[in-house]
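# Survey of secondary and tertiary structure
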Amino acid sequence: MGAISITGLARSFKGTVAVDAVDLEIADGEFCVLLGPSGCGKTTLLRMLAGLLEPTAGAIAIDGVDITDRPSKDRDIAMVFQSYALYPHLSVYRNLEFPLTQAHKHTGVTLDKAQRRARIEEVAAALDIGHLLDRLPKALSGGQRQRVAVGRALVREPKAFLMDEPLSNLDAALRTQTRQELSALHQRLGATFVYVTHDQVEAMTMATKIVVLNKGRIEQVGTPLDVYDRPASTFVATFIGSPAMNLLPARITDIDGVVRLIGADFAADLWDGRVDEFEALIGARPEHMRVLGHGERGDIELAIQVASVEQLGHETIVYGKAADADVCVRGARTGDIRVGDIVRVGLDLAHLHIFDAATGR
Ligand code: ADP
Ligand code: MG
């Protein structure tokens, strides 16, 4: 079991608030990704979970037991460091054995040689690295090294694994492969993972739960599709998804009982029932906008001047400006849009997100 419960957790550094009153429940077996831009407090939060950094306020419990004041080694939580944390002069076997030569955290007992071998073989089988035990780290691929690093944590049977940007040193191809390996590993182990990244693709592909952080605070918690389909704020809307969601300034207003949405060069009747007058930002993902052909209509139509065109082979991405707003449209491959063209772009009310421009929510 490894359910983690965080309440009012905070940490400041000489007046700088790095983590600000975070409340979070992570269920046993979850792959929880802490996602946010550099400096938003991800590492600080993770280090407090690991017991490597003392909170300024708040509490952490695992399976209902408060561990806030426990030293790191008594927490049953393993921090998986990046692959370079392996001992380069020791074989994979010795690397895995090393943690087992320390006395067990609760019983104080050290395993004998045969017991250590049994445990290492069990873990190596689970990680599919049994055939690599005699090798030195330098004779392994990046993905294999990653698995050995996980194995080093796993031999101690922790309740949760913590990882801080473990893929950031890998090239793109290896990152994709290791992402898949980590997902498979999580499924096989059924253990709780808490994983820090600034990369939304890693979060979307691996998480069962995404926690979006901004300036030390939680912006939104949800499944990957929750945060993609129903972003709680313009921050989440533009941080997740690439190219980013379009945000068009508009005014929501009630004219003779009809709620209308009015932008620089568009207007539409709005059906979602919001009646307060306010300045809004209309969010629309690039894949929900389309360049309109002759005679085609959208609930909202914009004229955009094309600034650049990206041909990706399977699709075409068009960037341009509508009035003062930057607009990006992605759609089926097309060859007949040129820089400088004025094209009509349509979007439908069903795919709109409406945010209050004053609060971003
Ligand atoms: P992230 O991992 O999301 O990039 P961090 O948790 O490393 O963010 O940092 C959050 C904030 O706390 C940043 O403003 C950073 O400069 C500050 N910070 C982190 N660690 C320290 C430290 N040891 N001393 C002073 N400031 C720190
Ligand atoms: Mg960090």
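For the structure itself, look to the data block above.
Everything quoted here is computed from the prediction, not taken from an experiment. (Residues numbered from 1 in each chain as written. Chains lettered and ligands numbered in written order. Predicted model: local features only at pLDDT ≥ 70, side-chain atom pairs only at ≥ 80, totals over all residues.)

The next point concerns the sheet that holds strand β14 (residues 278-284). Taken together, five strands build an open sheet; the order of strands is β13-β12-β11-β14-β20 and the sheet is antiparallel. Only two strands of the sheet have a single partner each, and these edge strands are β13 (267-269) and β20 (353-356). Averaged over all neighbouring strand pairs, the angle between strand axes comes to 35°, with direction disregarded. With six bridges joining them, strand β11 (residues 246-255) and strand β12 (residues 258-263) adopt antiparallel strand pairing. Paired with Arg251 across the strands is Ile262, a residue of β12. (Pairing = 2+ DSSP bridges. Helix = DSSP H or I, 4+ residues; strand = E, 2+ residues; numbered from the N terminus. Axes fitted to C-alpha atoms, helices over the stretch in contact; angles between N-to-C directions.)

So, on to the pairing of strand β1 (residues 4-13). Sheet topology note: the β1/strand β4 (residues 57-62) ladder contains five bridges and is antiparallel. Pairing of Ile6 across the sheet is with Ile60, part of β4. Where β1 hands over to strand β2 (residues 16-26), the hairpin turn is made up of two residues, of which Lys14 adopts a positive phi near 45°.

What surrounds ligand 1 is the set Phe13, Thr16, Ala18, Gly36, Ser38, Gly39, Cys40, Gly41, Lys42, Thr43 and Thr44. Counting only elements with at least two residues in the shell around ligand 1, the list comes to β2 and α1 (42-50). No other element matches the three residues that α1 contributes to the shell around ligand 1. Within the shell around ligand 1, the residues separate by chemical class into three nonpolar, seven polar and one charged. (Near = placed C-beta within 6 Å. Nonpolar A, V, L, I, M, F, W, Y, C, P; charged D, E, K, R; others polar.)

In this section: the pairing of strand β16 (residues 300-311). As defined by bridge partners, β16 adjoins strand β19 (residues 342-347) across six bridges and the pair is classed as antiparallel. Across the sheet, the residue bridging to Glu301 is Gly346, located in β19. As defined by bridge partners, β16 adjoins strand β17 (residues 315-322) across six bridges and the pair is classed as antiparallel. Pairing of Gln305 across the sheet is with Lys321, part of β17. Connecting β16 to the antiparallel partner β17 that follows it, the hairpin turn spans three residues, and Gly313 within it adopts a positive phi of roughly 95°.

Moving on to the nonpolar core. In this structure, Val33, Leu162 and Val194 are the most contacted members of the largest nonpolar core, which totals 91 residues. If you count residues domain by domain, this core takes at least three from each of domain 1 (4-239) and domain 2 (246-356). Sequence-distant contacts of Leu162, defined by excluding residues within four places in its chain, comprise Leu46, Leu49, Ala50, Ile77, Ala78, Met79, Val80 and Val194. (Core = buried A, V, L, I, M, F, W, Y, C linked by C-beta atoms within 7 Å. Buried ≥ 20, exposed ≤ 12 C-beta atoms within 10 Å, placed from the backbone. Domains from an automatic or database assignment. Contact = placed C-beta atoms within 7 Å.)

Here we take up helix α4 (residues 142-154). An ideal rise of 1.5 Å per residue puts 18 Å on 13 residues; α4 measures up with 18 Å between its terminal C-alpha atoms. Among the 13 residues of α4, 11 are classified as buried, and the element is accordingly described as predominantly covered. Every buried residue of α4 is listed here: Gln144, Arg145, Gln146, Arg147, Val148, Ala149, Val150, Gly151, Arg152, Ala153 and Leu154. Check the buried side of α4 and you find it contacts β6 (77-80), α2 (92-97), α3 (113-127), β7 (160-164) and α5 (172-189). (Expected span 1.5 Å × (residues − 1).)

The next subject is α5. Between its first and last C-alpha, α5 extends 26 Å over 18 residues, near the 26 Å set by a 1.5 Å rise per residue. What α5 keeps buried is the set Thr178, Leu182, Leu185 and His186. Viewed along the axis of α5, the buried residues span an arc of 95°, placing them on a single side of the element. Away from the buried face of α5 by more than 90 degrees, exposed residues Ala173, Ala184, Gln187 and Arg188 are located. Next to the buried residues of α5 lie β3 (31-35), α3, α4, β8 (192-197) and α6 (200-206). Following α5 by one or two positions, Gly190 has its phi on the positive side, about 65°. (Arc of directions from axis to C-beta.)

Once that is clear, we can look at the environment of Gly51. Along the chain, the position of Gly51 falls in the loop between α1 and β4. With 19 residues separating them in the primary sequence, Gly51 and Arg70 have C-alpha atoms 7.2 Å apart. Aside from chain neighbours lying at most four places away, what touches Gly51 is Arg70, Pro71, Ser72 and Arg75.

Strand order in the open sheet made by the five strands is β15-β19-β16-β17-β18, with antiparallel pairing throughout. Two strands in the sheet have a free side with no partner beyond their single neighbour: β15 (289-291) and β18 (325-332). Within this sheet the neighbouring strands show an average axis-to-axis angle of 45°, counted without direction.

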